[in-house]
Amino acid sequence: MDARSKQVSNWRSSFTKGTGFDSWGQLVEAVDEYQMLSKKLLQQSTFEAQLFTDDQKKTLTKISACLDLRAKALQSPQATEGFSLNELRKVESAFSNLLSTSQAAFPVSMPAGAAIPRLSTQRGNFELDIEGDEIDDEDEDDEHGNIGVPSSAIRPTGRLLQRIPHEKGTTDLTVRIEKIGLKDASIYLDPFITISVKDSAGVDVTKMQDTPVAIKREDPYIVFDVDVEIQRPLEKMPKGTAIFFELKHYKPKKKTISTKCFAFLEMDEIKQGQSVIELYQKPTDYKKKKLSLVTAKPLYLHLHLLLHDD
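Residues numbered from 1 in each chain as written. Predicted model: local features only at pLDDT ≥ 70, side-chain atom pairs only at ≥ 80, totals over all residues. Heavy atoms only, no water.

### Overview of the sheet that holds strand 5 (residues 189–198)
Selection criterion: Any two strands are treated as partners once DSSP identifies two or more bridges connecting them. Secondary structure elements follow DSSP: runs of H or I of four or more residues count as helices, runs of E of two or more count as strands, with numbering from the N terminus.
The sheet built from five strands is open, its strands ordered 6-5-9-10-12 with antiparallel pairing. Lying at the two open borders of the sheet, with one neighbouring strand each, are strand 6 (209–210) and strand 12 (280–281). The pairing of strand 9 (residues 242–251) with strand 10 (residues 256–266) spans ten bridges and is antiparallel. The residue bridging His249 from the neighbouring strand is Ser258, located in strand 10.

### With respect to the sheet that holds strand 4 (residues 172–181)
For the record, the criterion: For helices, the axis comes from a line fit to the C-alpha atoms of the stretch in contact; other axes are also lines fit to C-alpha atoms, and the angle between any two N-to-C directions lies between 0 and 180 degrees.
Strands sit in the order 7-8-4-13-11 across an open sheet of five strands; the sheet is antiparallel. Pairing within the sheet leaves two strands with one partner each, and these edge strands are strand 7 (216–218) and strand 11 (273–277). Recorded for the sheet is a direction-independent mean angle of 30 degrees between the axes of neighbouring strands.

### Observations concerning the environment of Val108
We count it as follows: Two residues qualify as a contact provided that any one of their heavy atoms is within 4.5 Å of a heavy atom in the partner residue.
Tracing the backbone shows Val108 in the loop between helix 4 (85–91) and strand 1 (120–123). For Val108 and Lys90, which are 18 residues apart along the polypeptide, the C-alpha to C-alpha distance reads 6.9 Å. Residues within four places of Val108 in sequence aside, it is in contact with Cys66, Phe83, Glu87, Lys90 and Val91.

### Points about the side chain of Asp22
Tracing the backbone shows Asp22 in helix 1 (residues 3–23). Residues within four places of Asp22 in sequence aside, it is in contact with Leu27, Ala30, Tyr34, Arg70, Leu74 and Leu85.

### Some details on the nonpolar core
Formally: Definition used in this section: a nonpolar core is a set of buried Ala, Val, Leu, Ile, Met, Phe, Trp, Tyr and Cys residues joined via side-chain atoms within 4.5 Å. Using a 1.4 Å probe on the protein chains alone, a residue whose accessible area is under 20% of its type maximum counts as buried, one over 50% counts as exposed, and one in between counts as partly exposed.
Counting 33 residues, the largest nonpolar core has Ile177, Phe245 and Leu301 as its most contacted members. Broken down by secondary-structure element, the contributors of at least two residues to this core are strand 4, strand 5, strand 8 (221–229), strand 9, strand 10 and strand 13 (301–308). Counting 26 residues, the second largest nonpolar core, distinct from the first, contains Val8, Phe15, Tyr34 and Leu74.

### Quick look at the packing of helix 2 (residues 27–43) against helix 3 (residues 54–75)
Test applied: Roughly parallel covers angles under 35 degrees, roughly antiparallel covers those over 145, roughly perpendicular covers 65 to 115, and oblique covers all other angles. Two helices that cross are described as forming a left-handed crossing if the nearer one is turned anticlockwise from the farther one by less than a right angle, and a right-handed crossing if clockwise.
It is at 9 Å that the axes of helix 2 and helix 3 come closest, and there the two elements cross at 160 degrees. Relative to helix 3, helix 2 is oriented roughly antiparallel. Seen along the crossing, helix 2 lies across helix 3 with a hand that is left-handed. The segment helix 2 lies against helix 3, with Leu27, Ala30, Val31, Tyr34, Gln35, Leu37, Ser38, Leu41 and Leu42 engaging Leu60, Thr61, Ile63, Ser64, Leu67, Asp68, Arg70, Ala71, Leu74 and Gln75.

### Some details on the pattern of salt bridges
The cut-off we apply is this: Salt-bridge detection follows one rule: a side-chain nitrogen of Lys or Arg within 4 Å of a carboxyl oxygen of Asp or Glu.
Applying the stated criterion to the full structure yields ten salt bridges. Between Glu229 and Arg163 there is a salt bridge, with the nearest N and O atoms lying 3.3 Å from each other. A residue pair is termed long-range when its members are at least 10 positions apart, and Glu229 in strand 8 and Arg163 in the loop between strand 3 (134–136) and strand 4 qualify at 66 residues. Residue Arg163 is classed as partly exposed on the basis of its relative accessible area, which comes to 43%. Glu167 is the partner of Lys236 in a salt bridge, and the nearest nitrogen-oxygen pair spans 2.5 Å.

### Here we look at helix 1
Applied cut-off: Each residue after the first adds 1.5 Å to the expected span of a helix.
When the terminal C-alpha atoms of helix 1 are compared, their 30 Å separation across 21 residues agrees well with the 30 Å that a helix rising 1.5 Å per residue should span. Those residues of helix 1 not exposed but buried are Val8, Trp11, Ser14, Phe15, Gly18, Thr19, Gly20, Phe21 and Asp22. Buried residues in helix 1 make contact with helix 2, helix 3 and helix 4. Residue Gly25 follows helix 1 closely and has a positive phi angle near 85 degrees.

### Re the environment of Gly25
Tracing the backbone through its elements, the reader meets Gly25 in the loop between helix 1 and helix 2. Between the alpha carbons of Gly25 and Leu74 there is a distance of 9.9 Å; along the sequence they are 49 residues apart.

### Digging into the pairing of strand 9
Each regular strand carries side chains that alternate between the two faces of the sheet. Burial of strand 9 is extensive: ten of the ten residues sit out of reach of the surface. Two elements, strand 5 and strand 9, share eight bridges in a ladder whose sense is antiparallel. The residue bridging Thr194 from the neighbouring strand is Glu246, located in strand 9. The hairpin formed by strand 9 and strand 10 contains four residues between the paired strands, and Lys255 there has a positive phi angle of roughly 55 degrees.

### So, the packing of helix 1 against helix 3
Rule in force here: In this count, Pro and Cys sit with the nonpolar residues alongside Ala, Val, Leu, Ile, Met, Phe, Trp and Tyr, while Asp, Glu, Lys and Arg are called charged and the others, Gly among them, polar.
Put simply, helix 1 and helix 3 touch, their axes get as near as 12 Å, and they point 15 degrees apart. In terms of their interaxial angle, helix 1 and helix 3 are classed as roughly parallel. Considering only the axes of helix 1 and helix 3, their crossing is left-handed. Where helix 1 abuts helix 3, its residues Arg4, Trp11, Phe15 and Asp22 lie against Gln56, Leu60, Leu67, Arg70 and Leu74. Tallied by class, the residues present in the contact of helix 1 with helix 3 amount to five nonpolar, one polar and three charged.

Given below as structure tokens:
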């Protein structure tokens, strides 16, 4: 058995294990298995991974999105709609595409809530999209004059997770992102914020989340008013952990999503109530070694922190 066949066989075994837990009502185990498999699929769908073709990598991202949707449905049992176990079982046949040179249609229609990442990598001063577009990612302020160009093809729809089940004796955190201040707030197309929790080495502690596109602009602010549920109790965060907020927007001329600036919240700054934090120039430095403010003006990211300990 070659490396690709062995990998797909392992994934299918994990998929079967997860759906087995799901059908037996072992929801916690099912969610863990789905999330673990989703992460493994995405690791093999990056540009650098060489085991699968680009078309097969697209299939990997779709399977991953379906696993995430099912896990989300299990974490919200009170919801009347969601990705069902029967729908997920149909997805298993997509693993066959990973061993074939001809790609069959994906077995289910991707739901509107599915967050399928656009895969890319860095090459010098360029970002290469997996679709084949080469994109200069230097900050040229080319948003001027392009604000009316439609971006429906890659318009962010948001990828926010439900609040985690509370563990006795721990504290959960909800971050309400209220608004962000920028001197040129009106020029950014489809602005949204990516939230990630990183340890001191810059490694993910929880899964990344994306807000929906901002709801309005009130110069000099971009307004979000959205709640983000941090996916691990504060007491279980590794030493040196910080929560990062990256403002991103669509560049129609280059057909890509670009980072404008970022901010971060350290563990000792987390207190109930309002929080106003500084904005730093890209690229995002998860190790917080080289930080330069975006502006000397009093413009910040405005948050409201809600702590849950019961």
